[in-house]
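This is what each chain is made of:
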Amino acid sequence: MDAELKQFIGKLDTLDFKKMYNDNFFWTWDKTDDELAAVFTVADALRHLRENNISTRIFDSGLGISIFRDNSTRTRFSFASACNLLGLTTQDLDEKKSQIAHGETVRETANMVSFMADVIGIRDDMYIGKGHTYQKTVADAVEQGYRDGILEQKPTLVNLQCDVDHPTQCMADMEEVIHYFGGVENLKGKKLVMSWAYSPSYGKPLSVPQGVIGLMTRFGMDVVLAHPDGYDVMPETEEIARKNAAKSGGSFTKTNNMAEAFEGADIVYPKSWAPFAMMETRTNLYGEGDFEGIDRLEKQMLEHNKEYMDWCCTEKLMKTTNNGKALYLHCLPADIEGVSCERGEVEAPVFNAALDTLYKEASYKPYIIAAMIFLAKEKNPQAVLEKLAARNMPRFFC
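## Considerations on the overall build of the chain
Here's step 1: In terms of regular secondary structure, the chain is built from 16 helices and 11 strands.
Here's step 2: For the chain, the C-alpha radius of gyration of 21 Å lies close to 21 Å, the compact-globule estimate for 398 residues.
Here's step 3: With the principal axes as the frame, the chain shows a C-alpha extent of 55 × 55 × 40 Å.
Here's step 4: Within the span of the chain, comprising 398 residues, buried residues form 58% of the whole.
Here's step 5: Summarising the internal contacts of the chain: among those between residues at least 6 apart in sequence, 81% fall at separations of at least 24.
Here's step 6: Accessible surface computed for the chain: about 17,300 Å², of which carbon and sulfur atoms make up 48%.
Here's step 7: Distance from the positive charge centre (44 side chains) to the negative charge centre (59 side chains) of the chain: 3 Å.

Below, the structure is given as structure tokens:
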């Protein structure tokens, strides 16, 4: 076993993450600091093994079920890649092609798709108060099915984005930050800006900015949430950010001035999201089955966004960051001014200069998801990593 893998295993030996075994992953703030550190460490270990052509398969068979109630590219393929990395076959549940369209209950669906499933990944992010509730309902259903002896194993649920948090994305973002600055110990005092930015495309969910402030404030950084008046996130997530910052020795502040926020920043994350009040209205319309009303509201959101077209990550703004070299983050796809849209979240030169970093940031997500599954399914991950390393065989022979 090589020295780098020994370091990962040694790190795990110092952490308490026993409660992650056979558990779900809903929100990052549900997890302890040690549990989050375990995810980062296992993700790095799995990546190290794969890059050294060592199989990371811990399953001989089984399914990874994905349910995407919103569009996805990166997260969809990251989940499939993570499952494949561990030896699972993936199957996407298309609700329009299932009996859900004929009134099948959530409990029935959850059990019917889970007979040989080890993990269920769900994205449900567009309606306030609905996404997490749906994920919890599915998790409770398979838990009951397992207790009743219907299911031979209890599938782990992984939140691939809900209305509250996007843990796989934000932890991939955090992996990039950790590696970029050379370790968690170098993050204290760094200024990170989570800023709203103009988008002409659609009213985006709140879960990324909420997830970012809910996670990044745990590392002693000075986190700033910047947005125009009326684009607040959930008060509950702001309170989580404040508590995290107080505990970690960092800070959490808010501003309605993008230029003020960018001054001296070490990390910037300019991204659009819909106004909270309009998101609540969208949920109410969804509850009433008024989909034409939702379409009208979407147009209103985009018209409202136009009032703040100057909220763009420009070359001029980037020059005001720390030495003009702030790390630019984005969950992708970005609305690139002059490329994908006339006016957008970021100027093309800023985006293009960060392209390699952005792709690397995205590349961490399959390993983060795989680590979440790994820690939920393996009681002694250190021993399993040692066993995987001992195989030392090319992937195509495994």
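## Points about helix α16 (residues 381-391)
Here's step 1: Those residues of α16 not exposed but buried are Pro381, Gln382, Val384, Leu385, Leu388 and Ala389. Across the axial projection of α16, the buried residues extend over an arc of 160 degrees, all falling on one side. α16 presents Lys387 and Ala390 as exposed residues on the side facing more than 90 degrees away from its buried surface.

## Some words on the environment of Thr14
Here's step 1: Following the sequence through the fold, Thr14 ends up in the loop between α1 (3-13) and α2 (33-51).
Here's step 2: A relative accessible area of 56% places Thr14 in the exposed class.
Here's step 3: Sequence separation of Thr14 and Asp34 is 20 residues, and the distance between their C-alpha atoms is 8.7 Å.

## Notes on the pairing of strand β4 (residues 156-162)
Here's step 1: Burial runs high along β4: seven of the seven residues are buried.
Here's step 2: Two elements, strand β3 (residues 117-124) and β4, share five bridges in a ladder whose sense is parallel. Pairing of Val119 across the sheet is with Thr156, part of β4.
Here's step 3: The parallel pair β3 and β4, bridged by helix α5 (residues 131-147), forms a crossover whose chirality is right-handed.

## Some thoughts on the packing of α2 against α16
Here's step 1: At a minimum axis distance of 11 Å, the contact between α2 and α16 shows a crossing angle of 5 degrees. Put simply, α2 runs roughly parallel to α16. Of α16, the residues touching α2 (which contributes Ala45, Leu46 and Leu49) are Leu385, Leu388 and Ala389.
Here's step 2: The class makeup of the residues in the contact of α2 with α16 is six nonpolar, no polar and no charged.

## Digging into the packing of aromatic side chains
Here's step 1: Overall, the coordinates contain 10 aromatic pairs when judged by the stated rule.
Here's step 2: Here Trp196 and Tyr231 contribute two aromatic rings whose centre-to-centre distance is 4.6 Å and whose plane-to-plane angle is 50 degrees, an arrangement assigned as tilted. You can see Trp196 sitting in the loop between β5 (191-195) and α7 (207-216) and its partner Tyr231 sitting in the loop between β6 (222-226) and α8 (235-248), a full 35 residues away along the chain. The burial state of Trp196 is the same as that of Tyr231; both residues are buried.
Here's step 3: Ring pairs connect the aromatic residues Trp196, Tyr231, Tyr308 and Trp311, which therefore count as one cluster.
Here's step 4: The ring of Tyr134 has Arg69 sitting right over it, with the charged end atom 3.6 Å from the ring centre.

## Considering the environment of Ala370
Here's step 1: With respect to the element layout, Ala370 can be found in helix α15 (residues 365-377).
Here's step 2: Distance from Ala370 to Leu15, taken between C-alpha atoms, is 19 Å for residues 355 residues apart in sequence.

## So, the packing of helix α10 (residues 276-287) against helix α11 (residues 291-305)
Here's step 1: Between α10 and α11, the least distance of the axes is 9 Å, while the angle of their chain directions is 170 degrees. Compared by their axis directions, α10 and α11 come out roughly antiparallel. Contacts between α10 and α11 involve Met278, Met279, Thr281, Arg282, Leu285 and Tyr286 from the former and Phe291, Gly293, Ile294, Leu297, Glu298, Gln300, Met301 and His304 from the latter.
Here's step 2: A class-by-class count of the residues in the contact of α10 with α11 yields eight nonpolar, four polar and two charged.

## A few points about the pattern of salt bridges
Here's step 1: Within this structure, the stated rule accounts for 20 salt bridges.
Here's step 2: As a salt-bridge pair, Asp335 and Lys204 come within 2.9 Å of each other at their nearest N and O atoms. Residue Asp335 is located in the loop between β9 (327-328) and β10 (336-337), and its partner Lys204 is located in the loop between β5 and α7; the two are separated by 131 residues in the primary sequence. Note on accessibility: Asp335 and Lys204 belong to one class, buried.
Here's step 3: A salt bridge links Arg343 to Glu337; the nearest nitrogen and oxygen atoms lie 3.4 Å apart.
Here's step 4: Judged by relative accessible area, which is 33%, Arg343 ranks as partly exposed.
Here's step 5: Look at Glu337 and you get buried, because its relative accessible area is 19%.

## A look at the nonpolar core
Here's step 1: Counting residues in each nonpolar core, the largest one holds 132 residues, and the members touching the most others are Met174 and Tyr328.
Here's step 2: The dominant element in this core, judged by the number of residues it contributes, is α2, at 10 residues.

## Observations regarding the sheet that holds β9
Here's step 1: Strand order across the open sheet formed by five strands is β7-β6-β5-β8-β9, with parallel pairing between neighbours. With partners counted over all chains shown, the strands left at the sheet margins are β7 (251-255) and β9, one partner each.

Parameters at a glance
- Residues numbered from 1 in each chain as written.
- Predicted model: local features only at pLDDT ≥ 70, side-chain atom pairs only at ≥ 80, totals over all residues.
- Heavy atoms only, no water.
- Helix = DSSP H or I, 4+ residues; strand = E, 2+ residues; numbered from the N terminus.
- Rg over C-alpha atoms; globule rule 2.2 N^0.38 Å.
- Buried < 20%, exposed > 50% of the residue type's maximum accessible area, 1.4 Å probe, protein only.
- Contact = heavy atoms within 4.5 Å.
- Areas by Shrake-Rupley, 256 points an atom, 1.4 Å probe, with all protein chains shown as cover.
- Lys, Arg positive; Asp, Glu negative; His and termini not counted.
- Charge placed at Lys NZ, Arg CZ, Asp CG, Glu CD.
- Arc of directions from axis to C-beta.
- Pairing = 2+ DSSP bridges.
- Right-handed = clockwise from strand over helix to strand, strands pointing away.
- Axes fitted to C-alpha atoms, helices over the stretch in contact; angles between N-to-C directions.
- Parallel < 35°, antiparallel > 145°, perpendicular 65-115°, else oblique.
- Nonpolar A, V, L, I, M, F, W, Y, C, P; charged D, E, K, R; others polar.
- Phe/Tyr/Trp six-rings, centres within 6.5 Å; stacked < 30°, edge-to-face > 60°.
- Lys NZ or Arg CZ within 6 Å of the ring centre and 35° of its normal.
- Salt bridge = Lys/Arg side-chain N within 4 Å of Asp/Glu carboxyl O.
- Core = buried A, V, L, I, M, F, W, Y, C linked by side-chain atoms within 4.5 Å.

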